[in-house]
Amino acid sequence: MNKFEFAVADSIQTALEELNEHPAAAKVHAGGVDLVGELKHYTAQPDIVVDISEIPDLKWIADDAEGTTIGASVKLIDVIRHEAVSKKHAALQEAASVVGSPQIRNMGTIGGNLCQRPRCWYYRDEAYHCLKKGGDECFSVAGRNRNHCILGGGPCYIVHPSDCAPALIALNASVALQSVKGKRELPLEDFFILPESDATRENVLQPGEILTYIHIPAHAGKSAYIKFREKEGFDWALSACAAALEFSGKTCRSARVVLGGVAPIPWRVRSVESYLQGKEITEETARRAGEMAVEDAMPLAENANKVLLTKAIVKQALLKLNA
Amino acid sequence: MVKNISALIGHDDVTKLVQFDVPDGEPGFWDKQYKFVVAGEKPVRRLDGMEKVTGKAKYTYDIYRPNQLCAELVLCPHAHARIVGVDASKAEKMPGVRGVMLAENLDAAMFAGWIIAMVAADTIQQARDAARSVLVEYDAQDFVVLEDDAGKDDNPIRKPSSGNPSIKGDVEKGFQEAFAVHEAEYVTQTTPHNCLETHGCVAEFKNGELTVWFSTQSLWSMQQAVAGYGGMPLNKTRVITEYMGGGFGSKLFGEQFADMCVKMAKKIGRPIKFMANRYFDSVACGNKPAAKMHVKIGAQKDGAFTAIRADCLNYPGFSGGASVATPFRSHYECPNIYTQETNVYTNTGLSRPFRAPGRPQGSFGLEMAIEELCMKMGLDPYEVKIKNVDVSPLDPRKYQFEVGAERFGWKKKFKKHGSDAGPVKTGVGCAVTYWGYSGDPGGAVCRCTLFMDGSAEVAIGCQDLGTGFRTMAACTAAETLGIDVQRIQVLTGDTDIGLVGPLSGGSKTTPTVAPAIKSACYKAQQKLFGRIAGDWDAKPEDIVCRENAVFNKENPEQKMPWNEAAQKVGSNMIVALGEHIPPPDVEGIRIGTGLRGAQFAQVEVNVETGKISCKKVVAVQDCGRAMAKAQAESQICGGVIQGVSYALFEDRIMDSVLGRQLNPQMEHYKILNAMEAPDIEPILIDVFDPVNCASAKGIGEPPHVPTAAAVACAVCNAIGKPIRSLPITPYKVLEALYGERR
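Note that the structure is a prediction, hence the values are computed from the model and not measured.

### Observations concerning the overall build of chain B
When helices and strands are tallied, chain B shows 19 helices and 31 strands. Over its C-alpha atoms chain B spans a radius of gyration of 27 Å, differing by no more than 12% from the 27 Å that the globule rule assigns to 742 residues. Overall size of chain B, expressed as C-alpha extent along the three principal axes, is 85 × 75 × 45 Å. Within chain B, the fraction of its 742 residues that count as buried is 61%. Considering only intrachain contacts with a sequence separation of at least 6, the fraction spanning at least 24 residues in chain B is 79%. As presented, chain B carries roughly 27400 Å² of accessible surface, and 49% of it is formed by carbon and sulfur atoms. Positive and negative side-chain charges in chain B, numbering 82 and 86 respectively, have mean positions lying 2 Å apart.

See below:
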């Protein structure tokens, strides 16, 4: 890694001030799970790293009638173990539980999980000056793309690596972003941006701005997260599906269905959501929902089978909620 | 002077009494009538286990010499390039930098990862910073990295080179005689070794001597190599490999980085340490090469093979050669066999031996072809396979197959291909293994020292690459001496021990070393017994020690505890040397089958997601007699685990755009974890074979040969469709099931 200054912030305010002084050349460190890899492989070469892991205001979980609020620096292991999360937001608990390995869940934070950079092997190799790094080519198009996206691609074909993001979007979560200029809140769904608007980033965070907390509104539904990975530990989603459904009796009253590992952002499938409304979740509706979820898929040369796989994963997620 | 001994050879109930000569003063043979007390019976815990788990064991990686410098390499980022110029002037002036050395062979870089230069600095971070500041001008050339692109005439490296075919009988006639014939192409992938400890060394010149701590499988050839690098006489060159984190065949050779470390250490006058990072280890330190095998096999109506033909393309990297055809010629009996191999070159790092070189590849092609032939003929592959190994009673193959099938429950578990109800389908597969006897007569000299307190030391100029070699050595010594294994101290891993030992490759360590240990211990103890014999009016060779008790075989009343007998050693110690002396190669006294084994795998395949889970592997293996049962079983489990990983996960992925390896780290290079490891049942079958006085054969490689093939056959059995390339991924399962419909 290159030489950089390491500033440990003790409050949100000091963190924001440090970041404001070096807006373009600063990186934020919380759990370090993603950033340290980026530093070691020279994908990130900051002048200053601002550590926010010790800021008390970012390390709490609150739960009341309005919903559940989680500070950005809360470790994944603490998200998994929190009673409100396990009782009310199964999809989030299931998603956080399958992130990386136990070591990663012990160190990694929920904010970091949402803000992490993609795992694309071209992006992660310094030798490829790809679109994401300001270059003019996405090497995956002509190259090796078994892990790349089947939806929402172009001009860059990464998949968003977060497990928690699809779950949180299914749960209709919002995020708070803060900089010295102030604070803004937006639905998590609007936090992520497609490469067609800006291939060099995956979200709307501005230089000097940090994600401070996540809010999940109270709801009466059931939710689930299914992650397909080739290895049962320490592996990324080849395809994933988060679903949150509200029922009247056996009938689905409303649904939010979000795919992971298949698009540059967590991919909400509204066609599936409206299809499920007013239906019972049967083997047949779940199968049909799986087919609808990938209707717009445009696979690359080596990932056509991700389409088949995603169908099966959507079906599994929905049937899990019916069980 | 010789003595004639009789020995019961064979396996299980199939035995034969043979007689042969043993040189005077050498031990007899551990035949079927000789029951092990220490070796091969009760599991003995790994003697250095505590050192390893507590971090006391010092690996090359852990060596830190006073005044040591850290080295980093400058590597070519291009798959194929002419090197126009190198400018290290900026790097040389950077903080902490003590030297920059350019590599030899700087005309052209043949793969991404080619060494351009080495930088030595006070800290590793300074060395890395400086390595990035070495400016290299490249003239990028056309390259080829994908196997599918490499066989063409415009290959920018060199044209494929074909070897002469190996021919037995007449395959065309054999195919004409066949009732059914199957023909298809089978493809395997390239997999780097990925040893837990990466490649590396520490080189130091001190007091006119060169010492190199080297993570190597071959202490003695490395001594010659580093002496050459440093221009040093052999008797002033020392190589130390006290503990080692695996090699699998990738650490048998001299290394360019070691050459540069030694030369820089000499030039700068300070010790230099280089440990490869995962990137360099993956791209430049060897791999199990890919192969494409065009296989044709024919059988009679009852499944007896009439002809086997394999035309193989091997992909050794930018140069050299590879071979995968041996299994086609040696795993099953067949009157007509034809194999031919061609090397095809790519701009990638060179292949190196990898745990039974070429065998897992060939085994996959062969066993899958048989599986498909059986599927076509509606036969049970187990019945067909066992029919084709049923040779002679002393040959253990049929027996091993039966033992394994019984334990596995093959008859209950086998269903017609693809007939299991979904969505999660179960399937079973089986495959055989073969490895030739590789003990090396004269390849090891061991020393046994007896002390007057009843303890003993065994010294061997060898290296423990992580297999439990020390424990094997201690068990063999304890068995020979008839005393507790805790009394044995094992010295190894250092050329200064001054005793030649084999390289750890070809599964030759145990068959070479165990008989030498037995011989040394026997001779030392005979010297001691010579001092007791007079008192008892007995012959020394009639005195034995079993379970710490010394007694006269001819008069068991005459006995004393080992501790008391050992007092007669006195303060001068008793020292003896031993070697692997083979019994005469007389017709009929050896089993002559090498090492054989059979494996049975059970998988579950989800036909909606393509997910494959290997649930169970039963691995039957002979290694002659196991010198240390727990360590031998551990070798079987290791071979199986690596085999399942090879079957389902591991794959070097090369980029077609810039020609670089895209998964040189553990993130995208998938190796199975504990969660993916099957339940493994290792079954050791004793085969009493007088290849050496201990009946010891090596077991490192043979259990790795058939696993991937058995798993692939099981997947085929589960889904009723063959997957003809490794690794078998969920995508490939989905492709096999639904690809045509898409």
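### Looking at helix α19 (residues 730-738) of chain B
For α19 of chain B, every residue scored as buried is listed here: P730, Y731, V733, L734 and L737 of chain B. Mapping the buried residues of α19 of chain B onto a view down its axis gives an arc of 160°, with all of them on the same face. Those residues of α19 of chain B that are buried are in contact with β9 (222-228) and α12 (304-322) of chain A together with β29 (595-606), β30 (612-621) and α18 (707-719) of chain B.

### Re the domain arrangement of chain B
Annotation of chain B at the domain level lists domain 1 (66-159), domain 2 (163-184 + 291-364), domain 3 (389-437 + 590-738) and domain 4 (442-581). Look at where the C-alpha atoms of domain 1 of chain B and domain 4 of chain B centre, and you get two points 50 Å apart.

### Focus: the pairing of strand β26 (residues 549-552) of chain B
Two faces, one strand: in a regular strand the side chains alternate between the faces of the sheet. All names here are of chain B. Only one face of β26 is covered, namely the face carrying V550 and N552; the face carrying A549 and F551 is uncovered. Alignment of strand β25 (residues 543-546) against β26, held across four bridges, turns out to be antiparallel. For R546, the partnering residue across the bridge sits in β26 and is A549. Between β25 and β26, which pair antiparallel in sequence order, lie two residues; one of them, E547, sits at a positive phi of approximately 50°.

### Details of the environment of V711 of chain B
All names here are of chain B. Of note, V711 is situated in helix α18. The buried category is assigned to V711, whose relative accessible area is 0%. C-alpha separation for the pair V711 and G317, spaced 394 residues apart in sequence, amounts to 27 Å.

### Quick look at the sheet that holds strand β27 (residues 555-561) of chain B
Residue and element names in this part refer to chain B. Strand order across the open sheet formed by three strands is β25-β26-β27, with antiparallel pairing between neighbours. Both outer strands of the open sheet, β25 and β27, are each paired with one neighbouring strand and no more. Strand-to-strand twist across the sheet, computed as the mean angle between neighbouring axes with direction ignored, equals 30°. Inspection of the sheet shows β26 paired to β27 by four bridges, in the antiparallel sense. For N552, the partnering residue across the bridge sits in β27 and is N555.

### Here we look at the confidence of the model for chain B
Chain-level statistics for chain B give a pLDDT mean of 96 and a share of 100% at 70 or above. In the predicted assembly, ipTM is 0.97 and pTM is 0.97.

### Comments concerning the interface of chain A and chain B
In this complex, chain A contributes 40 residues to the contact, which on the side of chain B involves 35 residues. When chain A packs against chain B, the two sides together hide about 3300 Å² of surface, and 53% of this comes from carbon and sulfur. On the chain A side of the contact with chain B, W121, K231 and N305 of chain A bury the most area, a combined 19% of that side's loss. Seen at the junction of chain A and chain B, the total is seven salt bridges. Among the salt bridges present, the one from E608 of chain B reaches K315 of chain A, with a minimum N-O distance of 2.8 Å. For the pair chain A and chain B, the interface holds 19 residue pairs in polar contact (both at pLDDT 80 or more). Top contributing element to the side of chain A that touches chain B by residue count: α12 of chain A, with nine residues. Each residue belonging to the side of chain A that touches chain B can be placed in one class, and the counts come to 17 nonpolar, eight polar and 15 charged.

### Observations regarding the packing of aromatic side chains
All chains considered together, the criterion is met by 28 aromatic pairs over all chains. Between the aromatic rings of Y128 of chain A and F139 of chain A, the centroid separation amounts to 4.9 Å while the plane-to-plane angle is 75°, which identifies the pairing as edge-to-face. In this pair, Y128 of chain A sits in the loop between α7 (110-115) and α8 (164-170) while F139 of chain A sits in the loop between α7 and α8, placing the two residues eleven residues apart along the sequence. Take Y128 of chain A and F139 of chain A: they sit in the same class, and that class is buried. With 6.0 Å between their ring centres and 45° between their planes, Y59 of chain B and Y243 of chain B make a pair best called tilted. One end of the pair, Y59 of chain B, is in the loop between α1 (49-54) and β3 (69-75); the other, Y243 of chain B, is in the loop between β15 (237-240) and α7 (256-268), with 184 residues separating them in the sequence. The same class applies to Y59 of chain B and to Y243 of chain B, which are both buried.

### What about the packing of helix α17 (residues 629-648) of chain B against α18 of chain B?
Any two packed helices are characterised by the angle at which their axes cross and by the distance between the axes. All names here are of chain B. One can describe the packing of α17 onto α18 by two numbers: an axis separation of 7 Å at closest approach and a directional angle of 50°. In terms of orientation, α17 lies oblique with respect to α18. Note on packing geometry: the crossing formed by α17 with α18 is right-handed. Facing G639, V640, G643, V644, Y646, A647 and L648 of α17, the residues of α18 in contact are T707, A708 and V711. Partitioning the contact of α17 with α18 into residue classes produces seven nonpolar, three polar and no charged.

### Overview of the sheet that holds strand β4 (residues 61-64) of chain A
Residues and elements named next belong to chain A. Ordered by their spatial adjacency, five strands build an open sheet running β4-β5-β8-β6-β7, and the pairing between neighbours is antiparallel. For this open sheet the edge positions go to β4 and β7 (182-187), each flanked by a neighbour on one side alone. Strand-to-strand twist across the sheet, computed as the mean angle between neighbouring axes with direction ignored, equals 15°.

### With respect to the pattern of salt bridges
Residue and element names in this part refer to chain B. Throughout the structure, instances matching the rule amount to 63 salt bridges over all chains. Here R98 ties to D122 by a salt bridge, and the two come within 2.6 Å at their closest N and O atoms. Highlighted residues: R98 in strand β5 (residues 97-102) and D122 in the loop between β7 (115-121) and α3 (124-133), separated in sequence by 24 residues. Given a relative accessible area of 28%, D122 falls into the partly exposed group. Residues R407 and E681 are paired through a salt bridge, measuring 2.8 Å at the closest nitrogen-oxygen approach. Within this pair, whereas R407 is found in helix α12 (residues 397-408), its partner E681 is found in strand β31 (residues 679-684), the two being separated by 274 residues in sequence.

The rules behind these values
- Residues numbered from 1 in each chain as written.
- Chains lettered and ligands numbered in written order.
- Predicted model: local features only at pLDDT ≥ 70, side-chain atom pairs only at ≥ 80, totals over all residues.
- Heavy atoms only, no water.
- Helix = DSSP H or I, 4+ residues; strand = E, 2+ residues; numbered from the N terminus.
- Rg over C-alpha atoms; globule rule 2.2 N^0.38 Å.
- Buried < 20%, exposed > 50% of the residue type's maximum accessible area, 1.4 Å probe, protein only.
- Contact = heavy atoms within 4.5 Å.
- Areas by Shrake-Rupley, 256 points an atom, 1.4 Å probe, with all protein chains shown as cover.
- Lys, Arg positive; Asp, Glu negative; His and termini not counted.
- Charge placed at Lys NZ, Arg CZ, Asp CG, Glu CD.
- Arc of directions from axis to C-beta.
- Domains from an automatic or database assignment.
- Pairing = 2+ DSSP bridges.
- Axes fitted to C-alpha atoms, helices over the stretch in contact; angles between N-to-C directions.
- pLDDT = per-residue confidence, 0-100.
- Buried area = accessible area lost by both parts, 1.4 Å probe.
- Salt bridge = Lys/Arg side-chain N within 4 Å of Asp/Glu carboxyl O.
- Polar contact = N/O pair within 3.5 Å; in protein donor to acceptor, adjacent residues only side chain to side chain.
- Nonpolar A, V, L, I, M, F, W, Y, C, P; charged D, E, K, R; others polar.
- Phe/Tyr/Trp six-rings, centres within 6.5 Å; stacked < 30°, edge-to-face > 60°.
- Parallel < 35°, antiparallel > 145°, perpendicular 65-115°, else oblique.
- Left-handed = near helix turned anticlockwise from the far one by under 90°.

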